[in-house]
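# A structural walkthrough
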2 protein chains.
Amino acid sequence: MRTEIASLGEFGLIRRLTQDIELKNGSSKYGVGDDAAVLSYPDKEVLVSTDLLMEGVHFDLTYVPLKHLGYKAATVNFSDIYAMNGIPKQITVSIALSKRFSVEDLEDFYAGIHLACKRYNVDIIGGDTSSSLTGLAISVTCIGEGEKGRIVYRNGAKENNLICVTGDLGAAYMGLQLLEREKAVFKGEEDVQPDFEGKEYLLERQLKPEPRADIIKRLAEANIVPTAMIDISDGLSSELIHLCTQSDAGCRIYEEHIPIDYQTAVMAEKFNMNLTTCAMNGGEDYELLFTVPLADHEIISAMEGVKLIGRITKQNLGCALITRDGQEFELKAQGWNPLYFTSSKSAS
Amino acid sequence: MRTEIASLGEFGLIRRLTQDIELKNGSSKYGVGDDAAVLSYPDKEVLVSTDLLMEGVHFDLTYVPLKHLGYKAATVNFSDIYAMNGIPKQITVSIALSKRFSVEDLEDFYAGIHLACKRYNVDIIGGDTSSSLTGLAISVTCIGEGEKGRIVYRNGAKENNLICVTGDLGAAYMGLQLLEREKAVFKGEEDVQPDFEGKEYLLERQLKPEPRADIIKRLAEANIVPTAMIDISDGLSSELIHLCTQSDAGCRIYEEHIPIDYQTAVMAEKFNMNLTTCAMNGGEDYELLFTVPLADHEIISAMEGVKLIGRITKQNLGCALITRDGQEFELKAQGWNPLYFTSSKSAS
């Protein structure tokens, strides 16, 4: 018997492989199913998140510089730790590479890792270096710390909670579109330089994402512990559905409140793409999606970098987007599926 | 400028990439340079070890069943935790695979992981599932716990300490030779079945290694904390040199005391290979090499599964093997180098 992996999809596959797992050790507090696993020690909660990135699937070295790749491999893992309301503290970095890479290439990659670690105060504590017969493979595991009772899972959203999003959405996806199109245009024409002027923000969002350490700090300073939180790596739609499903809840979000940068809008117009779709499903924004009680409305409304986009409802109302003209559309997860080999979109 | 990675070797490369790392976070106690990193929390020491395994480099699916591969991917990481005198508690398992694998293949792989976890009381707490354009890539991170003050590093061996080895050596390497030779012989002849009768132990050592949880337990029961410890994955010579270098020490070990199984000896004879070389440099034995004070001689001599093979000397005496006829040979690290693409030998 042979069941194709694509027939289950990523989440179906993970469910099938992990459904029988029972946690038995005292320190194993929470396993598969959130941005990071949670280990519990007498005075501390410890968070663990891991990613395996494959060349040609998660990144394209024709336009991703190795230093940026290192930076991103680190920061997307930091983002998972922040999404649990924790602080990243350590990472291990493993890399398998073929003969086409030189020591200098590897140093570039590590320079990116070091820069990210320095900026976010994370220590490199180990890893593994090996060879690959073909492409580059990168595995990063990040370990973070959280305070007892202040870890935030995906499953705590309650009816009437406010839904908040940080930063703006869709820019990383637009940056990728830009890189992919320039790659296609300039294929074979070595002398022509791509014109990225005025689009720096989009490229930066795609190539060098910054996790929202600042928001976690602001929330702590305001003494707010979100009821649920998740990072937006697969697109707002997909992550909202995750958060609502795990919280046994529904939601209503408003198109007019979805934060979008000016450059993203200009580029969507130029590429003739639906802007809201890009923001809802683009992915790789590494922003935070979280919910807070209605009582926090005033503080959250005034918080820099945070936008209120809707509210949590009863589960039977489903998850829906209210458009500018008042229509209601059911949210669909169109997040990137790393098991379908789509080449037009990458994710980490 | 382009420096070939092979020109530095694995350890030279790791040194170059990690030489500037400073640990800054309070919980980062020990980073790169031992079997596992050590994190320190108020009541607990936490150990972290990680491995990245690539198809065609670390394993050959023409003779390695996926269930065995899963089992081994888990247990070799447990071995790293035991080698710090810790107990493995959690693992994350990431896998990237191409379309040629089915859901059932993945279930076989996970069945091996589950079996190893059940046997050694380890919880699966997370991971990542993705696609690969070519071969299979596996990344496992293991987290363990140790008691305050009882973590054992590579660097604590002292002059006149006794050098101990668990189990027997060279069998995993012989198992690999056997599999590689049968693969070569039967290439293209599908009806012929390889004859492995009487060689089960060698195959088991290669395909399904067991980490020495039992020894760690026995040492704890005898209230012995080794002065230094390392697991023998790259061969006894290589690991002895690591241990001595990091301890600023030398050593003398005795050929006649190196533990070798009967089947290993028979096969070395049959293949016309030097038995001591196989035991010293074969690798993948996942046994423990450790040192204890002379005062523990009596207890250690009587401990099941442990063999005394020599003693630690002053550093200026170097590391040497004393042969049966009394000659002294300097030890050379001929451990497997994953950066040289040797196909005749695998390691994890």
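Conventions we followed
- Residues numbered from 1 in each chain as written.
- Chains lettered and ligands numbered in written order.
- Predicted model: local features only at pLDDT ≥ 70, side-chain atom pairs only at ≥ 80, totals over all residues.
- Buried ≥ 20, exposed ≤ 12 C-beta atoms within 10 Å, placed from the backbone.
- Helix = DSSP H or I, 4+ residues; strand = E, 2+ residues; numbered from the N terminus.
- Arc of directions from axis to C-beta.
- Contact = placed C-beta atoms within 7 Å.
- Least-squares fit on C-alpha atoms with pLDDT ≥ 70 in both.
- Domains from an automatic or database assignment.
- Nonpolar A, V, L, I, M, F, W, Y, C, P; charged D, E, K, R; others polar.
- Pairing = 2+ DSSP bridges.
- Axes fitted to C-alpha atoms, helices over the stretch in contact; angles between N-to-C directions.

Residue and element names in this part refer to chain A. Every buried residue belonging to helix α6 (residues 213-221) is among I215, I216 and L219, and all of these are buried. Taken around the axis of α6, the buried residues stretch over an arc of 100°, which confines them to a single face. Across α6 from its buried face, at more than 90 degrees, point the exposed residues K217 and E221. Looking at the buried residues of α6, the elements they touch are α2 (66-82), β7 (162-166), β10 (287-292) and β11 (306-314). N223, located one to two residues past α6, shows a positive phi value of around 55°.

Between the two copies of the chain lies a rotation about an axis combined with a shift along it. Mapping chain A onto chain B calls for a screw motion: a turn of 180° about the axis and a shift of 0.0 Å along it, with 0.0 Å RMSD after fitting. Such values leave the two copies arranged in the relation of a two-fold axis. Ranked by how close their C-alpha atoms come to the rotation axis, the residues of chain A are headed by A:S139, at 3.3 Å.

Looking now at the domain arrangement of chain A. All names here are of chain A. The domain architecture assigned to chain A consists of domain 1 (5-146) and domain 2 (162-330). Put simply, the middle of domain 1 and the middle of domain 2, counted by C-alpha atoms, are 22 Å apart. Across the boundary between the two partners, domain 1 contributes 16 residues, which contact 18 residues of domain 2. Residues belonging to the side of domain 1 that touches domain 2 are distributed by class as follows: eight nonpolar, five polar and three charged.

Residue and element names in this part refer to chain B. What the six strands build is an open sheet, ordered β1-β2-β3-β6-β4-β5; its pairing is mixed. Only two strands of the sheet have a single partner each, and these edge strands are β1 (28-30) and β5 (123-131). The mean inter-strand angle of the sheet, taken between neighbouring strand axes irrespective of direction, is 20°. Relative to β5, strand β4 (residues 87-97) runs parallel, the two sharing eight bridges. Its bridge partner being in β5, I91 is matched across the sheet by I124. Of the strands in this sheet, β3 (44-54), β4 and β6 (137-146) are in contact with helix α2 (residues 66-82), which crosses β6 at around 35°.

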